[in-house]
Structure formats: C-alpha cells, structure tokens
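Chains, contacts and geometry: an overview
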Amino acid sequence: MVRRSIVAGVGACLPERIVTNAELARRIDTSDEWIRERSGIHQRHIAGDGEMTSDLATRAAEKALAAAGMGADDVGIIVLATSTPDETFPATATVVQSKLGCSNGSMGFDVQAVCSGFVYALATADNFLKAGQVDTALVLGAETFSRILDWEDRTTCVLFGDGAGAVLLKAGDGKGSSDDRGVLSTHLHSDGRLHDLLYVDGGPSSTGEVGLLRMEGREVFKHAVTKMSEVTVEALEANGLDADEIDWFVPHQANRRIIDGTARKLGITGERVVVTIDQHANTSAASIPLALSVAVDDERIQQGNLVLLEAMGGGLTWGSGIIRW
Ligand code: UT7
C-alpha cells in the first residue's frame with residue numbers, strides 16, 4: 001500500500017476583460033496575423049484595476065473546493081505557484097487562505113518557478129501528502145503577468161495573459177503501480193546559468209522596484225522543445241509507460257509551435273493534446289491548471305485517464321508529472 005495524491009476537484013478563473021490581438025495592434029506595432037502565426041495566440045484575459053493574483057486564485061480555489069464537495073477548513077496545505085504575488089510578502093497563499101475563510105491553522109506558502117511553477121507546486125503538495133503530513137492539498141497556479149509586462153516591447157507583451165487554476169488533491173491508497181489513481185510521479189529540474197534568457201529586471205533586493213519581464217524569445221524556444229521532450233520521456237520511463245498510453249497531454253501553454261513540436265517528438269497526436277493558448281495566451285504558472293480545468297469541464301478528461309503535464313520557464317526551470325485522474 002502506498003499513499004497517493006488523488007485529484008478531487010479542479011477550478012479556474014479568468015478575468016472578465018478580453019484583449020484581442022486586433023486591440024493590441026491598435027496600440028503597438030504588431031498584427032493579429034504575426035501573433036497568431038508565431039505563437040498561436042488569438043486573445044488573452046487581462047485583470048481589471050484592483051483585481052489581484054489572490055482574487056483570481058481564490059475564485060479558482062472556491063470552484064475546486066465546490067467540485068470536490070469540500071469546505072475551506074478541509075484544506076491541509078495551500079501551495080500557490082506565482083511570479084506575480086500581491087505583495088513581496090506575505091505569501092499570496094496566505095492571502096488566499098484568508099479570503100477562502102480557512103480558520104483551521106493549516107499551512108500555506110508560495111512556490112516560485114515561473115512558468116514551471118504549477119508542476120513544482122504539484123510536486124511539493126504531492127510530497128507533503130505522501131509523507132502523511134496532510135490529507136488534503138490545494139495546488140494553485142495564479143498570475144497577473146500583465147502587471148510585469150513592458151507594454152512598449154512588442155516581442156514580449158503580446159504573449160502573456162492573466163488567470164488562475166486550482167487542483168484539489170486528497171490522500172488515497174494505491175498499490176504503487178501505474179494503475180493507481182493519483183499523481184504517479186513528478187520530475188523537476190533547473191539550470192540557473194540560463195538566467196539571462198528570461199527574467200524580470202527588478203526586485204526587492206536588487207532595484208527595490210518590481211521590474212519588467214525580459215526574454216530572449218528565440219533562445220528560450222530552442223531550449224523549450226528539447227528540455228520539455230526530455231523531461232516528459234523521463235516521466236514516461238519512470239512509470240514504465242509508453243506515449244501511446246497517455247490519454248491527455250496537457251503542456252504549459254507558451255507557444256503553439258512549441259506545443260506541437262514537443263507533441264510530435266513524443267508521438268502524441270493532436271487530438272490528445274489540450275491546447276488553450278489561443279484563448280488564454282501564456283498565463284505562466286496558471287496555464288496548466290487552467291487547461292486541466294477546461295478539459296475536465298468539457299468532459300475530455302475522465303476518471304482513470306492518464307494525463308501527462310510538462311512546463312518550462314524562467315530560471316530556467318522545467319518539469320513534468322503524470323497523473324492518473
Ligand atoms: O513561458 C515561458 C517560456 N517562454 C517561451 O517559451 C517563449 C519562447 N519563444 C517564443 O515563443 C518565440 O520565440 C516568440 C513568439 C517569442 C517569437 O517568435 P520567433 O519566430 O522566434 O520570432 P523572432 O523573435 O525570431 O522574431 C521574428 C521577427 C523579428 O523581426 P526581424 O528581426 O526578422 O526583422 C521581430 O522583430 O518578428 C519581429 N517581431 C514582431 N513583429 C510583429 C517580434 N515581435 C513582434 C510582434 N509583432 N509582436
């Protein structure tokens with residue numbers, strides 16, 4: 001018998017305001033055609049004035065709790081992945097804890113791994129559950145990247161959007177095989193030597209200001225397909241699984257060409273790939289739980305399905321995970 005982290009509910013939240021490529025093209029030197037062709041993005045959601053990362057995360061968390069039929073005080077740990085916290089401190093997870101009305105003294109903290117954040121948060125929560133320290137975990141990816149974009153830089157500002165997604169995990173028993181329901185494994189990596197490819201040019205200890213996102217897009221692209229293919233193969237091999245056995249591939253949504261390239265390398269055909277980049281753009285740590293939520297809501301992902309996740313982001317960080325739903 002082994003302890004497993006089983007998905008009990010998912011939820012998502014997108015800000016109301018939608019910004020189309022055409023709207024951006026009226027403000028900066030770009031075009032709908034360029035953005036669609038190079039990234040696959042058609043539109044993005046942008047947070048309203050005063051709408052914070054914690055607000056989006058709280059709404060996503062409420063939906064995941066409702067889907068699982070649980071209340072705020074059933075949560076043992078909140079792990080929130082974000083690079084756009086409400087404040088430098090405290091952790092946005094504790095803000096969400098308060099907004100949800102948790103009063104059971106459970107723990108909450110943030111995880112910072114940029115676009116790989118959700119996979120890092122999932123791995124962290126899974127390990128707390130497997131260690132027996134908690135029985136229920138709320139794993140969140142929530143971002144307001146619109147606040148750290150240089151809206152004069154057309155090479156980056158057209159690519160990102162705001163949103164949040166939540167996955168509620170509950171401890172259960174398994175046999176230790178890939179037939180078990182729950183998180184089967186997670187695989188995390190980072191290489192700090194690649195800092196300059198994707199970073200924010202500010203922070204409390206360097207400039208004293210929040211800073212703006214800077215990216216060498218073409219270089220990041222090259223690393224993305226290679227690293228994400230490698231880390232997904234690592235996940236498949238760790239579980240003795242073949243790519244054919246994967247029901248749903250849910251990659252980080254950074255660029256349609258990266259998603260297609262990675263899926264092609266794995267031999268996973270288009271209809272088994274969950275794609276939301278057209279509607280959401282790149283929502284960093286929120287992109288995977290948002291995509292999971294879409295595919296659960298439209299009933300593509302069913303209980304018992306094998307779901308493969310992967311992501312890469314600033315750091316560079318990258319990682320993967322396999323969940324039997
Ligand atoms: O989530 C974290 C990880 N992030 C990523 O994975 C992002 C990875 N990178 C990418 O997705 C792609 O590299 C981009 C979408 C950022 C760029 O696509 P690309 O095919 O690599 O284009 P490029 O950077 O090579 O630029 C091609 C041309 C340039 O013009 P020249 O030098 O060829 O004359 C750019 O100046 O496109 C120009 N360009 C634009 N044109 C219109 C760059 N941005 C824009 C724009 N609108 N917004």
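Within any chain, residue numbers begin from 1 and follow the written order of that chain's sequence. The predicted nature of this model means local features are confined to residues of pLDDT at least 70 and side-chain atom pairs, given and counted, to a pLDDT of 80 or more, with totals for whole chains, interfaces and linings taken over all residues. Where side-chain values are given, they derive from all heavy atoms of the structure, hydrogens and water being excluded.

1. Remarks on the overall build of the protein chain
When its secondary structure is counted, the protein chain shows ten helices and 13 strands. What you see for the protein chain is a C-alpha radius of gyration of 18 Å, in line with the 20 Å of a compact globule of 325 residues. Here the C-alpha coordinates of the protein chain stretch approximately 60 × 45 × 40 Å along the principal axes. Only protein chains enter the accessibility calculation, which uses a 1.4 Å probe; a residue is then buried when its area is under 20% of its type maximum, exposed when over 50%, and partly exposed in between. Counting over 325 residues, the protein chain shows a buried share of 57%. Note on areas: Shrake-Rupley, 1.4 Å probe, and residue coverage restricted to the protein chains presented here. Working note: accessible area of the protein chain is about 13,300 Å², and carbon and sulfur atoms make up 47% of it. Only four residue types enter the tally: Lys and Arg on the positive side, Asp and Glu on the negative side, with His and both chain ends excluded. The atom standing in for a charge is NZ when the residue is Lys, CZ when it is Arg, CG when it is Asp and CD when it is Glu. Across the protein chain, the mean location of the 29 positive side-chain charges is 3 Å away from that of the 45 negative side-chain charges. Secondary structure elements follow DSSP: runs of H or I of four or more residues count as helices, runs of E of two or more count as strands, with numbering from the N terminus. A radius of gyration in this sense is built from C-alpha atoms; the matching globule rule multiplies 2.2 Å by the number of residues raised to 0.38.

2. Some thoughts on the pairing of strand β12 (residues 306–313)
Among the eight residues of β12, eight are classified as buried, and the element is accordingly described as predominantly covered. Side chains Leu 306, Leu 308, Glu 310 and Met 312 of β12 all project onto a buried face; the interleaved residues Val 307, Leu 309, Ala 311 and Gly 313 project onto the opposite face, where all are buried too. One ladder, built from four bridges, connects strand β11 (residues 248–251) with β12; its direction is parallel. In the strand pairing of β12, Val 250 is matched with Leu 309. Pairing between two strands requires that DSSP report at least two bridges joining them. Where β12 lies against strand β13 (residues 317–324), eight bridges are found, and the strand directions are antiparallel. Bridge pairing in β13 places Leu 308 opposite Ile 322.

3. Comments concerning the sheet that holds strand β8 (residues 182–190)
Here we have four strands laid out as an open sheet, ordered β8-β13-β12-β11, and mixed in their pairing. The open sheet is flanked by β8 and β11, the only strands paired with a single partner. Recorded for the sheet is a direction-independent mean angle of 10° between the axes of neighbouring strands. Pairing analysis gives eight bridges linking β8 to β13, with the strands arranged antiparallel. Helix axes use the C-alpha atoms of the stretch in contact, all axes being lines fitted to C-alpha atoms, and the angles between their N-to-C directions lie in the range 0 to 180 degrees.

4. Description of the site of the ligand
Taken together, 22 residues form the shell around the ligand, and within it Thr 30, Arg 154, Arg 218, Asn 255 and Asn 282 come nearest. What qualifies as a polar contact is a pair of N or O atoms within 3.5 Å, subject to a donor-acceptor requirement within protein and to the restriction that residues adjacent in sequence count only when both atoms come from side chains. Within the side chain of Arg 218, an N or O atom sits 2.7 Å from an oxygen atom of the ligand. Burial of the ligand by the protein amounts to 76% of the accessible area it has alone, namely 960 Å². Here the term cavity refers to a set of points on a 1 Å grid, laid over the protein atoms alone, in which a 1.4 Å probe fits but cannot get out; the term pocket refers to an open set having protein on both sides within 12 Å along at least five of seven lines, with lining residues being those that place an atom within 4 Å of a point. The way we define it, a molecule is inside a pocket or cavity when more than half of its atoms are within 2 Å of that pocket's grid points. Given that more than half its atoms are within 2 Å of the pocket grid, the ligand belongs to the second largest pocket. Listed by contribution, the elements that provide at least two residues to the shell around the ligand are α2 (32–39), α6 (154–157), α7 (217–238) and α8 (256–266). Of all the elements, α7 adds the most residues to the shell around the ligand, at four residues. Each residue is assigned to one of three groups, with Ala, Val, Leu, Ile, Met, Phe, Trp, Tyr, Cys and Pro labelled nonpolar, Asp, Glu, Lys and Arg labelled charged, and all others, Gly among them, labelled polar. Taken together, the residues of the shell around the ligand break down into eleven nonpolar, six polar and five charged. Here a residue is considered near a molecule or strand provided that any single heavy atom belonging to it is located within 4 Å of it.

5. A look at the layout of surface pockets
Grid points are joined across faces, edges and corners, and a volume is the space filled by probe spheres set on the points. Of the voids in this model, the largest pocket is the one considered here, and its volume is about 850 Å³. Forming the walls of the largest pocket are 35 residues, and the residues nearest its centre are Ser 83, Thr 84, Pro 85, Gln 112 and Val 210. When residues in the lining of the largest pocket are grouped by element, the largest group, three residues, is from strand β9 (residues 198–200). For the lining of the largest pocket, the residue count by class is 17 nonpolar, 13 polar and five charged. Viewed by domain, the lining of the largest pocket spans two of them, domain 1 (2–174) and domain 2 (182–324), each represented by three or more residues. What fixes the domain bounds is an automatic or database domain assignment.

6. Thoughts on the domain arrangement of the protein chain
What the domain assignment reports for the protein chain is domain 1 (2–174) and domain 2 (182–324). Computed over C-alpha atoms, the centres of domain 1 and domain 2 are 14 Å apart. Contact residues are listed per partner, giving 50 residues for domain 1 and 45 residues for domain 2. Here's the idea: put two parts together, see how much 1.4 Å probe accessible area each one loses, and the total over both is what we call buried area. For the pair domain 1 and domain 2, the two sides together bury roughly 3,800 Å², of which 66% comes from carbon and sulfur. Here, a salt bridge means any side-chain nitrogen of Lys or Arg that lies within 4 Å of a carboxyl oxygen of Asp or Glu. Across the contact surface, domain 1 and domain 2 share one salt bridge. In this structure, Asp 150 and Arg 214 form a salt bridge, with 2.9 Å as the shortest nitrogen-oxygen distance. Run the count over domain 1 and domain 2 and you get 20 residue pairs in polar contact (both at pLDDT 80 or more). Of all the elements in the fold, those that place two or more residues in the side of domain 1 that touches domain 2 are β1 (2–13), α2, β3 (43–45), α5 (117–130), β6 (136–144) and β7 (162–174). The biggest single contributor to the side of domain 1 that touches domain 2 is β1, with eight residues. Note on contacts: a residue pair is in contact if any heavy atoms of the two residues lie within 4.5 Å.

7. Points about the pattern of salt bridges
The tally for this structure, following the rule as stated, stands at 15 salt bridges. A salt bridge links Arg 17 to Glu 23; its shortest N-O distance comes to 2.8 Å. A salt bridge links Arg 193 to Asp 191; the shortest N-O distance between them is 2.9 Å. Several salt bridges share partner residues, and in doing so they unite Arg 17, Glu 23 and Arg 27 into one network.

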